[in-house]
Amino acid sequence: MRHILSVLMENEPGALSRVVGLFSQRGYNIDTLNVAPTDDLTLSRLTLTTHGSDQVIEQITKHLNKLIDVIKVVDLIEGSHIERELMLVKVKANEAQRAEINHCIDIFRGQVVDVNVNAYTLQLVGSSDKLDAFLEAINYADILELVRSGVSGLARGEKILKV
Amino acid sequence: MELFSGGEIVVRALKDVGVKHIWGYPGGAALHIYDALFQQEDVQHILVRHEQGAVHAADGYSRATGDVGTVLVTSGPGATNAITGIATAYMDSIPMVVISGQVPRDKIGGDAFQETDMVGISRPIVKHSFLVMDASEIAGVIAKAFYIARTGRPGPVIVDIPKDVTAPHHRIPYEYPEKIKIRSYHPTTKGHGGQVKRAIKTLLAAKRPIIYSGGGVVLGDASPQLTELTRLLNIPITNTLMGLGAFPGTDPQFLGMLGMHGTVEANNAMHEADVILAVGARFDDRVTNTPSKFCPSAKIIHIDVDPTSISKIVTIDVPIVGDCGTILQQMIDQINDNKEILDQEALSQWWMQINEWREQYGIYTQPRHEPSAGDVIKPQDVIRSLYKVTGGDAWVTSDVGQHQMFAAQYYLFDKPRRWINSGGLGTMGFGLPAAMGVQLAYPSGIVACVTGEGSIQMCIQELSTCLQYGFPIKIISLNNQALGMVRQWQDMQYSGRYSSSLYEDSLPDFVKLTEAYGHVGMRVSNFDELDDKMSECFSLKDRLVFMDINVDRSEHVYPMHIAPNGSMRDMWLSKKERT
Ligand SMILES: Cc1ncc(C[n+]2csc(CCOP(=O)(O)OP(=O)(O)O)c2C)c(N)n1
Ligand SMILES: [Mg+2]
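No experiment lies behind these values; they were computed from the predicted model shown.

(A) Looking closely at the overall build of chain B. Secondary structure assignment for chain B yields 20 helices and 22 strands. Against the globule reference of 25 Å for 579 residues, chain B gives a C-alpha radius of gyration of 25 Å, in line with a compact fold. Within chain B, the fraction of its 579 residues that count as buried is 59%. Of the contacts made within chain B by residues no fewer than 6 positions apart, 75% connect residues no fewer than 24 positions apart. Of the roughly 22300 Å² of accessible surface on chain B, a fraction of 51% belongs to carbon and sulfur atoms. Taking the average location of the 51 positive side-chain charges in chain B and that of its 63 negative ones, the two points are 4 Å from each other.

(B) Just the interface of chain B and chain A, in detail. Taken together, the contacts link 18 residues of chain B with 20 residues of chain A. One can count two salt bridges joining chain B with chain A. The shortest N-O distance in the salt bridge between Arg183 of chain B and Glu10 of chain A comes to 2.6 Å. For the interface between chain B and chain A, the tally reads twelve residue pairs in polar contact (both at pLDDT 80 or more). Considering only residue class, the side of chain B that touches chain A consists of seven nonpolar, five polar and six charged.

(C) Representation of the site of ligand 1 within the structure. All names here are of chain B. Near ligand 1, the surroundings consist of 18 residues, among which Gln402, Gly426, Glu453, Ser455 and Gly484 are the closest. Contact between ligand 1 and His403: an oxygen atom at 2.9 Å from a side-chain N or O atom of the residue. The contact in question runs from an oxygen atom of ligand 1 to an N or O atom on the side chain of Asn480, over 2.9 Å. Relative to its unbound accessible surface of 590 Å², ligand 1 loses 77% to contact with the protein. Of all the elements in the fold, those that place two or more residues in the shell around ligand 1 are helix H15 (402-410) and helix H18 (484-493). Looking at which element gives the most residues to the shell around ligand 1, the answer is H18, with three residues. Partitioning the shell around ligand 1 into residue classes produces eight nonpolar, nine polar and one charged.

(D) Structural context of the state of the cysteines. For the structure shown, the criterion picks out zero disulfides over all chains. The thiol of Cys449 of chain B is unpaired, and the distance to the nearest cysteine sulfur, on Cys466 of chain B, comes to 9.3 Å.

(E) Just the coordination of the magnesium ion (ligand 2), in detail. Residue and element names in this part refer to chain B. At 2.1 to 2.5 Å from the magnesium ion (ligand 2) lie its protein donor atoms, namely Glu453 (OE), Glu453 (OE), Asn480 (OD1) and Ala482 (O). Here the magnesium ion (ligand 2) binds six donor atoms, and the angle range of 53 to 178° at the metal identifies the geometry as irregular. Written as a sequence motif, the donor residues of the magnesium ion (ligand 2) are E-x26-N-x1-A.

(F) Summary view of the domain arrangement of chain A. Residues and elements named next belong to chain A. One can read the domain layout of chain A as domain 1 (2-78) and domain 2 (83-151). Centre-to-centre, using C-alpha coordinates, domain 1 lies 29 Å away from domain 2. With seven residues of domain 1 at the interface, the matching set in domain 2 holds five residues. With both chains or domains summed, domain 1 and domain 2 bury close to 440 Å², and 47% of this area falls on carbon and sulfur atoms. Area buried by domain 1 at its contact with domain 2 is led by Arg2, Thr32 and Asn34, which between them contribute 62% of it. Across the contact surface, domain 1 and domain 2 share one salt bridge.

(G) How the structure looks around the environment of Ile377 of chain B. All names here are of chain B. Mapped onto the secondary structure, Ile377 falls in the loop between helix H13 (344-361) and helix H14 (379-389). You can call Ile377 buried: its relative accessible area is 0%. C-alpha separation for the pair Ile377 and Gln481, spaced 104 residues apart in sequence, amounts to 13 Å. Once residues lying within four places of it in the same chain are set aside, the contact partners of Ile377 are Ser372, Val382, Val524, Ser525, Asn526, Phe527, Leu530, Ile549, Asn550, Val551 and Asp552.

(H) Quick look at the side chain of Glu453 of chain B. Residues and elements named next belong to chain B. Tracing the chain through its elements places Glu453 in the loop between strand E17 (447-452) and helix H17 (462-469). Comment: no salt bridge for buried Glu453; closest opposite-charge side chain is Arg487, at 8.3 Å. When neighbours within four sequence positions are excluded, Glu453 is seen to be in contact with Ser477, Leu478, Asn479, Asn480, Gln481, Ala482, Leu483, Tyr503, Leu507 and Phe510.

(I) Broad picture of the pairing of strand E2 (residues 21-24) of chain B. All names here are of chain B. Burial of E2 is two-sided: the residues His21 and Trp23 facing one way and the residues Ile22 and Gly24 facing the other way are all buried. Here four bridges tie E2 to strand E3 (residues 44-47), and the two strands are oriented parallel to one another. Across the sheet, residue Ile22 finds its bridge partner in E3, namely His45. Tracing the backbone out of E2, into helix H2 (residues 31-38) and back to the parallel element E3 gives a crossover that is right-handed. In terms of strand pairing, E2 meets strand E4 (residues 69-73) through two bridges, oriented parallel. Among the inter-strand pairings, Gly24 is bridged to a residue of E4, identified as Leu72.

(J) Fine view of the pairing of E4 of chain B. Residues and elements named next belong to chain B. In terms of burial, E4 is a largely internal element, five of the five residues being buried. Going residue by residue along E4, you find Gly69, Val71 and Val73 tucked away on one face and Thr70 and Leu72 tucked away on the opposite face as well. Here E4 pairs with strand E5 (residues 96-102) via five bridges, running parallel. Along E5, the bridge assignment pairs Leu72 with Ile99.

(K) Molecular detail of the confidence of the model for chain A. Predicted confidence across chain A gives a mean pLDDT of 96, with 100% of residues reaching 70 or more. Looking across chain A, the model is least confident in helix H3 (residues 95-107) of chain A, with a mean pLDDT of 92, and most confident in strand E3 (residues 43-51) of chain A, with 98.

(L) Inspection of the pattern of salt bridges at higher detail. Throughout the structure, instances matching the rule amount to 30 salt bridges over all chains. Between Glu8 of chain B and Arg171 of chain B there is a salt bridge whose closest N-O contact spans 2.9 Å. Linking Glu8 of chain B in helix H1 (residues 6-17) with Arg171 of chain B in strand E8 (residues 171-172), this pair joins segments that are 163 residues apart in sequence. Take Arg171 of chain B: its relative accessible area is 37%, and that puts it in the partly exposed class. Put simply, Asp164 of chain B and Arg105 of chain B hold a salt bridge, and the shortest N to O gap is 2.9 Å. Of this pair, Asp164 of chain B sits in the loop between strand E7 (156-162) and E8 while Arg105 of chain B sits in the loop between E5 and helix H5 (118-122), placing them 59 residues apart in sequence. What emerges from the salt-bridge pattern is a single network uniting Lys66 of chain A together with Arg153 and Asp306 of chain B.

(M) Geometry of the sheet that holds strand E16 (residues 419-420) of chain B. All names here are of chain B. Across the sheet, which stays open at both edges, the six strands sit in the order E16-E15-E17-E18-E20-E19 with parallel pairing between neighbours. At either end of the open sheet lies a strand with only one pairing partner, and these are E16 and strand E19 (520-524). Pairing of strand E18 (residues 474-479) with strand E20 (residues 545-550), which is carried by six bridges, proceeds in the parallel orientation. Among the inter-strand pairings, Leu478 is bridged to a residue of E20, identified as Ile549. Taken strand by strand, H15 contacts strand E15 (395-398), E16, E17 and E18, and its axis lies near 135° from that of E17.

(N) Just the environment of Ile310 of chain B, in detail. Checked against the element boundaries, Ile310 of chain B lands in the loop between strand E13 (299-304) and strand E14 (318-321). Leave out the neighbours within four places in its chain, and Ile310 of chain B touches Gln59 and Lys62 of chain A together with His302, Asp304, Ile316, Pro319, Ile320 and Val321 of chain B.

Rules used in this analysis
- Residues numbered from 1 in each chain as written.
- Chains lettered and ligands numbered in written order.
- Predicted model: local features only at pLDDT ≥ 70, side-chain atom pairs only at ≥ 80, totals over all residues.
- Heavy atoms only, no water.
- Helix = DSSP H or I, 4+ residues; strand = E, 2+ residues; numbered from the N terminus.
- Rg over C-alpha atoms; globule rule 2.2 N^0.38 Å.
- Buried < 20%, exposed > 50% of the residue type's maximum accessible area, 1.4 Å probe, protein only.
- Contact = heavy atoms within 4.5 Å.
- Areas by Shrake-Rupley, 256 points an atom, 1.4 Å probe, with all protein chains shown as cover.
- Lys, Arg positive; Asp, Glu negative; His and termini not counted.
- Charge placed at Lys NZ, Arg CZ, Asp CG, Glu CD.
- Salt bridge = Lys/Arg side-chain N within 4 Å of Asp/Glu carboxyl O.
- Polar contact = N/O pair within 3.5 Å; in protein donor to acceptor, adjacent residues only side chain to side chain.
- Nonpolar A, V, L, I, M, F, W, Y, C, P; charged D, E, K, R; others polar.
- Near = heavy atom within 4 Å.
- Disulfide = S-S within 2.5 Å.
- Donors = N, O, S within 2.8 Å, 3.2 Å for Na, K, Ca; no water.
- Tetrahedral: all angles 85-135°; square planar, octahedral: opposite > 155°, others 65-115°.
- Domains from an automatic or database assignment.
- Buried area = accessible area lost by both parts, 1.4 Å probe.
- Pairing = 2+ DSSP bridges.
- Right-handed = clockwise from strand over helix to strand, strands pointing away.
- pLDDT = per-residue confidence, 0-100.
- Axes fitted to C-alpha atoms, helices over the stretch in contact; angles between N-to-C directions.

Here it is in structure tokens:
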């Protein structure tokens, strides 16, 4: 099963490499990874998606908590939550193709954020499923380049991760 | 206000944290620190002959005393030479701080002379690491490093310091933190009350209980509590290789070590148990044999300071996270308060069963190996002789191989912190430098290093350190002219094809070698002289003595788990018999 682990940690050099190293060292998977400082610049918030049996996820959570730099870990999948991923896609878009692409991006509530004679750059925000569905929908288009941010998310309601 | 250089701050902070001894080896990036060491007397530096030796020595010092072992090495090759020692300490959760010099800040990342990314290279084998980028951080980082190393589940911590951070001309005030607070680090000590209750209930309902305790009890200094609880309930107990001595080895309740080379009575009792109380043990593969076949009828209670050890290999029924000693005390108090005991009828039947196994298979009830005679000296008998001559009261360090297993089986440790070996990593070369650490901690203690002619050559250079500092270690080398443990596996699994486990007459003359290093060498080739020579060796109180003992080359270590796919109770008893 897919899990979204949200990690509050010290914004220290080396902290990220300890998290990533833990996964490779112990043979766990990282499907997506996203990290940036928070409003408090001494802290970083890291979100990663992974999959594995309950036993593996429990071990991953415990190992993350054991890292000295890590303050809190939560699996967002365990409660109701909001998850978002950002995708930028550069597609070939000549006169003839534009209308169709515009139509499709409207349906998915995305935007065209850059235009040039031959190409469009599209921006989409949503759950990973939605981004996948969009790519499916424009499979006729010629994708030149694609970048996804990886998932980030928060629990719904008043639940928060804090020091 | 008095001002100090970074190098001086390093040394002052070490002193303030309570360090008396630091093991190390100098080099460019560490020279400012070495210069500061030279100008004071509070912290004594011991110069080894190889950085691996420094780390093992600090490790042995820590295992014997419980204090944090401390090491100082230079950048690059100094740092990489320390790696094997750090990994050894990490696997056995030994508290240690390793200070490594680094190239100057502005040269980091530029492939400078003797640059190696120490924080990176050591990352998977440390509890934590610091790269100190400013002299003002040194004292605080050192204080934190020691705190992290010794609290929770202990382990090695690296403090990597660029050379210019310790430079003599840049001088600042010294400030040692009064209190250490790390907002992201709060190890659990007290056990959860509800879990403790559940554990007691489960344990007291047992008909065939056993206590399986490991190195965590030694590290947590919880031996008194473990012993009290075990005796209070009259439960059989077994120790892991790392846990020997936490419960007295000569006590009738002790079933011996468990696991791959454990006793049949310990392994059988584990297999048949209905409740296992695991304390400070981590269900290592050298204990469990095949995890899916591990102790099929047992409910398992597991006390450990590290939550990641719980349900890692084997699913646990009643986990309790926290300090072993504190939790065992909580259990003792509640059992005493409620005046509850086990079903005595069932318990006495259980003891009868165990004693039957002892009679039938025990290595302590009768010798299970051929007798020694003439020029055939059985390695087991060397350990028995060592035990006799030292009155069972020595500190015994060991290397890795058959000799290590014989020492673990036949030297019965009655006290914790007396048996010092590399259990987790299994590092050949550990024994001699570890013995230096023990001897430094206990200058008049009897310290024996049980080794093999293979292992001893991995850190033999430390004989020179022993001369410089006058460590009167007794090296008991079981010379079977082979990488014996490798050869045993080749006998058992590769039809006796001894691929690179023999030396083809290339071994040095260890007596002459020892003499060349300025110590006393002795050779024993006949069983009749073993005890006398052993006594003579230990009578030379202020000399290092190397005993090169020719032992039977064909001996195997038994009992031995049958693997793969065996359970705890599936064991070889000799080359032909099995359980
Ligand atoms: C550094 C290192 N290299 C290799 C091994 C694998 N190994 C385990 S036991 C052993 C043989 C040890 O020989 P010796 O020290 O003579 O002990 P014996 O088994 O003969 O008693 C070897 C090579 C190891 N444990 N450590
Ligand atoms: Mg040998």
